[in-house]
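What follows is each chain in one-letter form.
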Amino acid sequence: MICVTIGCGSHKRMIEEHQKLAADGVRFVELRLDYLRKKPELHRLLPERPTAVLATARRKEDGGQWRESEEARLGLLRELIVSGVEYIDLEVDVAPKIPRFGKTKRVVSYHNMEETPEDLDGLRQKMLAECDPDIIKIAVTPKSIGDVFRLVDFLRRANAPERIQAGEPKTLGISMTEFGWFTRVLGKRFGCPYTYAGFSEKRILAPGLLPYKTLRDLYRYDDIDAETKIFGVIADPVQHSLSPAIHNRSFVEMGLNCAYVPFRVAPEDLDEFIERAPELGVCGLSVTIPHKVEVIKKLNGFVDPAVSATGACNTVVWGPDGRLNGYNTDYLAALLSIETAMGRKVGAPSPLQGASAMVLGAGGAAQAVARGLKDRGARVIIAARSEEKGRDAAKRLGCEFCSWQDRGAYVVQVLANCTSVGMFPNVDESPMEQQMLRAGTVVFDAVYNPETTYLLRMARQRGCKTVSGVEMFVGQACLQYKLFTGQKASGSFMRSVVRGALSAVRTTAEEIN
Ligand code: NAP
């Protein structure tokens, strides 16, 4: 069950939001009374409440906004219980002072905005012994992925079937911030009775809280069960990733009981995360910045030749033997999209054989694309603004190097932009000037946001064939989907999801600006 948290400055707005949620099918709402600017008027908020309510008046030290005295807060909590609210949130130090009354259920809560305390079991025992809880809630802040897994282990012990059958209350655990974010999505797997969500993107009241529509419709919280196969993306940061949208929507489209979750993993946490991910039910992962190189050390199963060739791995899948297999789907996706634009025929030799190509940039994408073009038999020139990096990459990959100033002097059949120039929000920038582009050249741009970059616009005007980064992005996701599920994804469906997600990203950015 998802509990949507609403906190508004005015009673009118809070009532409106509550009604809107109920109309949208939400059945459980937390009213954060500490957000109200005036003294809470329960006669306005409760008698005609359209859903079950958890009433909360959170103190500042616990991450809340309560401005009045503690005495006034305790009075309000008692008044809420007398008014028969379905659930009341009572902090661990306050619960012993407020006795059970009527049918109101007691969510006894502990918040720590600094850390994840060592003795979580001891804390739970204390709550059981002193606080008369119906539900125990523990919201803590992780300092490392180890803290998040410690909370998960604790939840598994606390919610062990024998304890619940013996009548002990269920425990809800939240590891706050983006690092512990997956505990909000996968909590049901650790026995949590419900999870919290925000009203909307703009109304997020706690670190790591997600809008309820995202949690319900994209991550399908209510459908995740013990059988659900978990996939995800590891990155740092991870919020910008379009992969959750593309994979989750494809799982729904094809009726698969799978979920795809973003995992923010700091570089120093990579080893531990990879070791412990299978305990979460994780079967495979997309891997992106900054882990594509380091993750190779963790592979102990099959290693795709494209990983060895590029020195980068963007997909890992655990085999039935528990070994970790690694792949590079970027490499093949970029090549296939360029070859398609060059008129590749099934079974015929690659049109890249003997062609000349220039790759702009010397980063991860540039090296994968350069290596792929080279492997297909093209003559490849790398042009990079950092001469040392460019020369180094060219030498390693068996390519030629040209200085950034000279990039316009070459006549090539394929031009591949693998720099980030032209990427949103710098959409008016291009790595090439218009007069450097020649009719007939296939111009590929790895940048996928926006889909039609300034470079591609100019290239079309000059009579070039163009390939957008969306083709590569969709191509690599289709290959990943096959590795994850064994099933063929629909490229056109994924393309439409990416386009929708990109336009949503731009709208949100415009609203924020
Ligand atoms: P990266 O490793 O950080 O490399 C970025 C490259 O761009 C570096 O060579 C950098 O040069 C160069 N660069 C940045 N600004 C520049 C400028 N103003 N002028 C000239 N060169 C500049 O990043 P990456 O992972 O390779 O990604 C590069 C682009 O490809 C990004 O836009 C990314 O979103 C896109 N990409 C797309 C897909 C897809 O599926 N479509 C997949 C992977 C990547 P310095 O080293 O001198 O900074």
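All of these numbers come straight from a predicted model, not from anything done at the bench.

## Some details on the nonpolar core
Generally speaking, a soluble globular protein has its nonpolar side chains buried in company with each other.
Now for step 1: Core analysis: the largest hydrophobic core is formed by 98 residues, its most contacted members being L33, L80, I138, F263 and F273.
Now for step 2: The element best represented in this core is helix α5 (residues 145-158), accounting for 8 residues.
Now for step 3: Each of domain 1 (2-226) and domain 2 (244-327 + 473-498) accounts for three or more of the residues forming this core.
Now for step 4: If sequence neighbours within four positions are ignored, F273 has contacts with I145, F149, I234, F263, V265, L280 and L285.

## Brief notes about the site of the ligand
Now for step 1: Near the ligand you find 21 residues, and of these A362, A365, R385, S386 and K389 are the closest.
Now for step 2: A362 places a main-chain nitrogen or oxygen 2.9 Å from an oxygen atom of the ligand.
Now for step 3: Measuring from an oxygen atom of the ligand, one finds a side-chain N or O atom of K389 at 2.5 Å.
Now for step 4: The protein chains hide 75% of the 920 Å² of surface that the ligand would expose on its own.
Now for step 5: With 3 residues, the top contributor of residues to the shell around the ligand is helix α16 (residues 469-485).
Now for step 6: A per-class count over the shell around the ligand returns 12 nonpolar, 7 polar and 2 charged.

## Digging into the domain arrangement of the protein chain
Now for step 1: The assigned domain composition of the protein chain is domain 1 (2-226), domain 2 (244-327 + 473-498) and domain 3 (347-467).
Now for step 2: Placing a centre on the C-alpha atoms of domain 2 and another on those of domain 3 gives a separation of 27 Å.

## Some points on empty space enclosed by the protein
Now for step 1: With the rule as written, the count across this model stands at 2 cavities of 30 Å³ or more.
Now for step 2: The space that makes up the largest cavity amounts to roughly 90 Å³.
Now for step 3: As for the largest cavity, its lining consists of M358, R407, Y410, V411, V412, L415, M432, M436, L437, R438, T441 and V443.
Now for step 4: By residue class, the composition of the lining of the largest cavity is 9 nonpolar, 1 polar and 2 charged.
Now for step 5: Breaking the lining of the second largest cavity down by element, the ones donating at least two residues are β7 (170-175) and α7 (182-186).
Now for step 6: Among the elements that line the lining of the second largest cavity, the one with the most residues is β7, at 3 residues.
Now for step 7: Looking at the lining of the second largest cavity, its residues break down into 5 nonpolar, 4 polar and 1 charged.

## Section: the sheet that holds strand β6 (residues 135-140)
Now for step 1: Sheet architecture is open: 8 strands sit in the order β7-β6-β5-β4-β3-β2-β1-β8, paired in parallel fashion. Because the sheet does not close on itself, it has two edges, and the strands there are β7 and β8 (195-198). Shown here is a sheet whose adjacent strand axes are inclined to one another by a mean of 25°, direction ignored.
Now for step 2: Relative to strand β3 (residues 52-56), strand β2 (residues 28-32) runs parallel, the two being bridged by 5 bridges. Bridge assignment links R32 to a residue of β3, and that residue is T56.
Now for step 3: In the packing of helix α4 (residues 120-131) onto the sheet, the strands contacted are β5 (105-111), β6 and β7, and the crossing angle to β6 comes to about 145°.

## What to know about the side chain of T183
Now for step 1: With respect to the helices and strands, the residue T183 is situated in helix α7.
Now for step 2: One polar contact links the side chain of T183 to the main-chain carbonyl oxygen of G180, over a distance of 2.6 Å.
Now for step 3: Excluding anything up to four places from it in sequence, T183 contacts V148, L151, V152, G173, I174, S175 and F190.

## Looking at α16
Now for step 1: Between its first and last C-alpha atoms α16 spans 24 Å; for 17 residues at 1.5 Å apiece the expected length is 24 Å, and the two agree.
Now for step 2: Buried residues of α16: G469, V470, M472, F473, V474, Q476, A477, C478, Q480, Y481 and F484, and no others.
Now for step 3: Between the side-chain oxygen at the start of α16 and the backbone nitrogen of V470 there is a gap of 3.1 Å, and the oxygen is on S468.

## Thoughts on the pairing of strand β11 (residues 282-287)
Now for step 1: Of all the 6 residues making up β11, 5 are buried; the element is thus mostly covered by neighbouring parts of the structure.
Now for step 2: Across 5 bridges, the pairing between strand β9 (residues 229-235) and β11 is parallel. Note on β11: the bridge partner recorded for G232 is L285.
Now for step 3: Note: β11 against strand β12 (residues 315-318), 3 bridges, orientation antiparallel. Bridge assignment links G284 to a residue of β12, and that residue is V317.

## Let's talk about the pairing of strand β14 (residues 356-360)
Now for step 1: Of all 5 residues in β14, 5 are buried, a share of seventy percent or more.
Now for step 2: Side-chain alternation along β14 places S356, M358 and L360 on one buried face and A357 and V359 on a second face that is also buried.
Now for step 3: Note that β14 and strand β15 (residues 379-384) share 5 bridges and pair parallel. Residue pairing across strands places S356 opposite R379, the latter belonging to β15.
Now for step 4: Here β14 runs beside strand β17 (residues 414-417); their pairing, made up of 4 bridges, is parallel. When the sheet's bridge partners are listed, A357 is paired in β17 with V414.

Quick notes on the rules
- Residues numbered from 1 in each chain as written.
- Predicted model: local features only at pLDDT ≥ 70, side-chain atom pairs only at ≥ 80, totals over all residues.
- Heavy atoms only, no water.
- Core = buried A, V, L, I, M, F, W, Y, C linked by side-chain atoms within 4.5 Å.
- Buried < 20%, exposed > 50% of the residue type's maximum accessible area, 1.4 Å probe, protein only.
- Helix = DSSP H or I, 4+ residues; strand = E, 2+ residues; numbered from the N terminus.
- Domains from an automatic or database assignment.
- Contact = heavy atoms within 4.5 Å.
- Near = heavy atom within 4 Å.
- Polar contact = N/O pair within 3.5 Å; in protein donor to acceptor, adjacent residues only side chain to side chain.
- Areas by Shrake-Rupley, 256 points an atom, 1.4 Å probe, with all protein chains shown as cover.
- Nonpolar A, V, L, I, M, F, W, Y, C, P; charged D, E, K, R; others polar.
- 1 Å grid on protein atoms, 1.4 Å probe; cavity = no way out; pocket = protein on both sides within 12 Å on 5 of 7 lines; lining within 4 Å.
- Points joined across faces, edges and corners; volume = space filled by probe spheres on them.
- Pairing = 2+ DSSP bridges.
- Axes fitted to C-alpha atoms, helices over the stretch in contact; angles between N-to-C directions.
- Expected span 1.5 Å × (residues − 1).

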